[in-house]
Amino acid sequence: MPHLVIEYSANLHGFDAAATLAACNRFLADTGHFGEADIKSRVVRHEHFLVGTRAEGRGFVHATLWLLSGRPENVKQALSRGVLEALQASFAKPEGMDVQLSVQLQDMERSTYAKAFL
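Residues numbered from 1 in each chain as written. Predicted model: local features only at pLDDT ≥ 70, side-chain atom pairs only at ≥ 80, totals over all residues. Heavy atoms only, no water.

## Quick notes on the sheet that holds strand S2 (residues 40-46)
Now for step 1: Taken in spatial order, the four strands line up as S2-S1-S3-S4 in an open sheet, and their pairing is mixed. Only two strands of the sheet have a single partner each, and these edge strands are S2 and strand S4 (98-108). Along the sheet, successive strands turn relative to each other by an average axial angle of 15°, direction set aside.
Now for step 2: Examined bridge by bridge, strand S1 (residues 3-9) and strand S3 (residues 58-68) share six bridges and lie antiparallel to one another. The partner of His 3 across the bridge, within S3, is Trp 66. (Pairing = 2+ DSSP bridges. Helix = DSSP H or I, 4+ residues; strand = E, 2+ residues; numbered from the N terminus. Axes fitted to C-alpha atoms, helices over the stretch in contact; angles between N-to-C directions.)

So, in structure tokens, the structure goes:
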């Protein structure tokens with residue numbers, strides 16, 4: 001915990017997944033809310049998508065940050081803003097494209113979350 005899932009549209013040919021993950025993980029680790037080794041992140045590329053009614057000239061990057069439940073709203077807001085800033089800092093918008101960046105936080109119920117160390 002936390003789990004960060006970043007999804008993006010396949011037409012963002014210059015999207016640097018490794019740099020984006022590194023920027024987001026660095027931000028999350030620097031907040032002091034999480035142990036560095038507890039941050040798990042991954043990227044999913046979507047080949048089939050629409051933004052509005054067309055895919056041409058439009059793209060998206062969306063991050064979902066999953067956290068164990070119970071964090072105060074102001075902490076969640078700060079985490080959301082920080083992940084968005086990390087996305088913006090690591091992303092170079094392709095010329096001639098409209099790109100939407102977004103972040104959503106989701107709570108994982110502490111009582112049902114299970115984890116094992118191997």
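So that's the structure; there's more coming.
## So, helix H1 (residues 17-30)
An α-helical turn contains 3.6 residues, so a residue and the one three or four places further along point in the same direction.
Now for step 1: In a regular helix each residue adds 1.5 Å, so 14 residues correspond to 20 Å; H1 covers 20 Å between its end C-alpha atoms and thus fits that length.
Now for step 2: Taken together, the buried positions of H1 are occupied by Thr 20, Leu 21, Ala 23, Cys 24 and Leu 28. Buried positions in H1, seen along its axis, are confined to an arc of 165° and lie on one side of it. Among the exposed residues of H1, those pointing more than 90 degrees away from its buried face are Ala 18, Arg 26 and Asp 30.
Now for step 3: Elements in contact with the buried residues of H1: S1, S2, S3 and helix H2 (73-90).
Now for step 4: For H1, the capping residue at the N-terminal end is Asp 16, with a side-chain oxygen 3.3 Å from the backbone nitrogen of Ala 18. (Expected span 1.5 Å × (residues − 1). Buried < 20%, exposed > 50% of the residue type's maximum accessible area, 1.4 Å probe, protein only. Arc of directions from axis to C-beta. Contact = heavy atoms within 4.5 Å. Polar contact = N/O pair within 3.5 Å; in protein donor to acceptor, adjacent residues only side chain to side chain.)

## With respect to the pairing of S1
Now for step 1: Extensive coverage of S1 is indicated by the burial of six of its seven residues.
Now for step 2: In terms of strand pairing, S1 meets S2 through seven bridges, oriented parallel. For His 3, the partnering residue across the bridge sits in S2 and is Lys 40.
Now for step 3: Assessed by its sense of winding, the connection that carries the chain from S1 through H1 to S2 is right-handed. (Right-handed = clockwise from strand over helix to strand, strands pointing away.)

## Observations concerning H2
Now for step 1: Between the first and last C-alpha of H2 there are 26 Å, a value that for 18 residues agrees with the 26 Å anticipated at 1.5 Å per step.
Now for step 2: For H2, the complete set of buried residues consists of Val 75, Lys 76, Leu 79, Gly 82, Val 83, Ala 86, Leu 87 and Ser 90. Buried residues of H2, viewed axially, fall in a sector of 140°; they line one side. In H2, the exposed positions that point more than 90 degrees away from the buried face belong to Glu 73, Asn 74, Glu 85 and Ala 89.
Now for step 3: Those residues of H2 hidden inside the fold are in contact with S1, H1, S3 and S4.

In short, shape yes, function no, at least from these values alone.
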